[in-house]
Number of protein chains: 2
Amino acid sequence: MYKTQPYGGRTDPALPWLNGAAVGLHQPAPGSSNGGAGRIAQSLSLLAQHLPLRRRLVHAGDAIFEAGTPFHQLYVINSGSVKVVNTAADGRNQVVGLLFKGDWLGFDGIAKGHYGCTAQALEIGEIWGFRYDTLMAAAAAQPQLLLELHTEMSRAIVRGRDALLSLCTLPVAARVAEFLRQWAESLATRGLRNDQITLRMSRAEIGNYLGMTLESVSRALSSLERAGVICFTEKGRRLIQIPDPQALSDFIQAEAQATGATLQ
Amino acid sequence: MYKTQPYGGRTDPALPWLNGAAVGLHQPAPGSSNGGAGRIAQSLSLLAQHLPLRRRLVHAGDAIFEAGTPFHQLYVINSGSVKVVNTAADGRNQVVGLLFKGDWLGFDGIAKGHYGCTAQALEIGEIWGFRYDTLMAAAAAQPQLLLELHTEMSRAIVRGRDALLSLCTLPVAARVAEFLRQWAESLATRGLRNDQITLRMSRAEIGNYLGMTLESVSRALSSLERAGVICFTEKGRRLIQIPDPQALSDFIQAEAQATGATLQ
DNA sequence: CGTGCCGTTGAACTTGCTCAAATCAGGTGG
DNA sequence: CCACCTGATTTGAGCAAGTTCAACGGCACG
């Protein structure tokens, strides 16, 4: 397996912190049973209350914003899912993010003054748009808005880093498994059923996202099915069932250790 | 070459925007010849003026903060360089960032309430620390501080995405070249000489950062030297000279195209 | 009913990894 | 100042994961 080997750095005392949990500065909404779903609903309603929103219905394939256009607005997903595609100067491009209800879009525009990525809906959904300067003005009266913004930006940074880590330390099959695990986790956080996933991307898109070929994605899914970690439903090979989320995690763990990617 | 192949997405009209340029919302400092260096000096002095800073001298290897400790402070590099190491729950860890003067540290703590990474100095330098809540309080009086924060967070997001793109679309040799190019660019932005680079990381650390083995890093550097794109100085193989930055870019371009990673 | 796209699977090939040995730089103690 | 030791780096040879190329089946759409 093509994994980076241990390097005798000084930062290696294997640390026991959970990386996946989505606990934030926010206390769970009083009276909400699920921290994740409550948090997201709460923050969406906060926005709705204090900002003039441009609500837009999108269909699969619709662009929410395009790389290169001037930045003025941020967006929040009220429903549906979105992929973010990064494009380099020489035309190489890559899916760099996959976002769901409550996630924000367009942060990369703040620094550069124009969007650096293209965001595209993967299914029917509703996207809320609002101007960055309006948000800042509203935040003067409602500081909670600022905390929300910072938390979401921080989350985006963490997501990017975790993606990098997966990409560098996991073999293909485990990367696909991790992809499914994260997707299921995102659904669970939002209070949706997470025992099945409707892939809204082609094998080619998934492969592009995970840094592998479409054939590798296909093979990885087949091998996950053979291992009994996932099942395909009778109809269509884009609807994936996950009988036991723990089995997915175990699979990833096993693959990671097999490669010696554990480090230190 | 193991590169992701084209996928017939709908987002592919190859876009001509430069990805590397560091132009921001900030207008170049009036009277400063170099936008980058001016911007950084300006934003450092803005912080010094409006915030009580904890200044700390660090030596190579010193930790600025450790993954898992509670988040209260953000940090800014006043001088020196820093690496950021991400650690997963199962012990896999990876260098996910390399930062220089003017860069901020610790954003990942905002969402989770504790730092998710460890930051470690690569050389002697001075790090400024200040509490996040103090920053927010000061921002009420000085909104420029907020813009600064957002710009830096945005920049961190963009950097992460670009790293992902390199990792997925470039073969090893080009990845090393791109690494050097970015380092040189960072130096240039800060008004420092960018015709030579003192690597402050071992081959193993570089490999970990770039998702390859230390042997691959070594071979890539040797091949860059053979191609005349870089030179080693007589003393030590950690001081690298870059006679012609353009040649580096050309090398990357050529390698990228050779793999068909161009897409579209 | 043909055309096109998506997905799967097989076989051969290539890149980058693993293992191993030799070299080199830096620091330590005599 | 030199011998020595340790860790970093380079380089080679063989191997394997994942890619490339290619063929086939299924489903949707005109």
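Note that the structure is predicted; figures quoted are calculated from it, not measured. (Residues numbered from 1 in each chain as written. Chains lettered and ligands numbered in written order. Predicted model: local features only at pLDDT ≥ 70, side-chain atom pairs only at ≥ 80, totals over all residues. Heavy atoms only, no water.)

**Q** Could you clarify how one ought to interpret the overall build of chain A in this entry?
**A** Helices and strands together make up the secondary structure of chain A, namely eight helices and 11 strands. The buried share of chain A, reckoned over its 264 residues, is 56%. Looking at chain A alone, contacts between residues at least 24 apart form 73% of all its contacts between residues at least 6 apart. Accessible surface for chain A amounts to roughly 10,600 Å². Of this, 53% is attributable to carbon and sulfur atoms. (Helix = DSSP H or I, 4+ residues; strand = E, 2+ residues; numbered from the N terminus. Buried < 20%, exposed > 50% of the residue type's maximum accessible area, 1.4 Å probe, protein only. Contact = heavy atoms within 4.5 Å. Areas by Shrake-Rupley, 256 points an atom, 1.4 Å probe, with all protein chains shown as cover.)

**Q** Is there a simple way to explain helix H3 (residues 132-141) of chain A in this structure?
**A** A turn of α-helix holds 3.6 residues, and therefore any two residues three or four places apart point the same way. All names here are of chain A. Listed in full, the buried residues belonging to H3 are Tyr132, Leu135, Ala138 and Ala139. Each buried residue of H3 sits inside an arc of 120 degrees when the element is viewed along its axis, so together they form one side. Away from its buried face, by an angle of more than 90 degrees, H3 presents the exposed residues Ala137, Ala140 and Ala141. (Arc of directions from axis to C-beta.)

**Q** Is there a simple way to explain the packing of H3(A) against helix H4 (residues 143-169) of chain A in this structure?
**A** When two helices pack together, their arrangement is given by the angle between their axes and by how far apart the axes lie. Residue and element names in this part refer to chain A. Relative to each other, H3 and H4 sit at 130 degrees, their axes nearing to 5 Å. Looking at the two axes, H3 sits oblique to H4. Between H3, through Leu135, Met136, Ala138, Ala139 and Ala141, and H4, the contact on the second element is made entirely by Pro143, Leu145, Leu146 and Leu149. Its residues assigned to classes, the contact of H3 with H4 shows nine nonpolar, no polar and no charged. (Axes fitted to C-alpha atoms, helices over the stretch in contact; angles between N-to-C directions. Parallel < 35°, antiparallel > 145°, perpendicular 65-115°, else oblique. Nonpolar A, V, L, I, M, F, W, Y, C, P; charged D, E, K, R; others polar.)

**Q** What exactly am I supposed to notice about the sheet that holds strand E6 (residues 104-105) of chain B here?
**A** Strand pairing in a sheet relies on backbone hydrogen bonds, with the paired strands running either antiparallel or parallel. All names here are of chain B. Taking strand neighbours across the sheet as the criterion, the four strands line up as E1-E8-E3-E6 in an open arrangement whose pairing is antiparallel. Each edge of the open sheet carries a strand with a single partner, namely strand E1 (54-58) and E6. Inspection of the sheet shows strand E3 (residues 73-79) paired to strand E8 (residues 125-131) by six bridges, in the antiparallel sense. Directly across from Leu74, in E8, lies its bridge partner Phe130. With respect to the sheet, helix H3 (residues 132-141) is in contact with E3, E6 and E8, its orientation differing from that of E8 by roughly 70 degrees. (Pairing = 2+ DSSP bridges.)

**Q** What is the right way to look at the pattern of salt bridges in this model?
**A** Any two side chains of opposite charge can pair, so long as their charged atoms come close to each other. Applying the stated criterion across every chain yields a total of 26 salt bridges over all chains. We note a salt bridge from Asp108(A) to Arg161(B), for which the minimum N-O separation is 3.5 Å. In this pair, Asp108(A) sits in helix H2 (residues 108-112) while Arg161(B) sits in helix H4 (residues 143-169), so the two residues belong to two different chains. By relative accessible area, Asp108(A) is classed as buried at 2%. Relative accessible area serves as the criterion here: at 18%, Arg161(B) is assigned to the buried category. When salt bridges with common partners are traced through the structure, they connect Arg39(A), Glu152(A) and Arg155(A) into a single cluster. (Salt bridge = Lys/Arg side-chain N within 4 Å of Asp/Glu carboxyl O.)

**Q** What is the right way to look at the environment of Gly129(A) in this model?
**A** All names here are of chain A. As for its placement among the helices and strands, Gly129 is situated in strand E8 (residues 125-131). Along the backbone, Gly129 and Leu170 are 41 residues apart, and their C-alpha atoms lie at a distance of 36 Å. Gly129 has contacts with Pro52, Leu53, Arg54, Gln73, Leu74 and Tyr75, leaving out every residue within four places of it along the chain.

**Q** Even after reading the chapter, I still don't get the domain arrangement of chain A, so can you show me in this structure?
**A** Interface extent is often summarised as the accessible area lost during association of the parts. Residue and element names in this part refer to chain A. What the domain assignment reports for chain A is domain 1 (35-163) and domain 2 (171-258). Computed over C-alpha atoms, the centres of domain 1 and domain 2 are 25 Å apart. Roughly 1,300 Å² of surface becomes buried between domain 1 and domain 2 when both sides are summed, with 61% attributable to carbon and sulfur atoms. When the area that domain 1 buries against domain 2 is broken down by residue, the three leading residues are Val95, Leu98 and Phe100, summing to 39%. Inspection of the domain 1/domain 2 interface yields three salt bridges. Residues Arg190 and Asp103 are paired through a salt bridge, measuring 3.2 Å at the closest nitrogen-oxygen approach. For the pair domain 1 and domain 2, the number of links is eight residue pairs in polar contact (both at pLDDT 80 or more). Of all the elements in the fold, those that place two or more residues in the side of domain 1 that touches domain 2 are helix H1 (35-50) and strand E5 (93-99). (Domains from an automatic or database assignment. Buried area = accessible area lost by both parts, 1.4 Å probe. Polar contact = N/O pair within 3.5 Å; in protein donor to acceptor, adjacent residues only side chain to side chain.)

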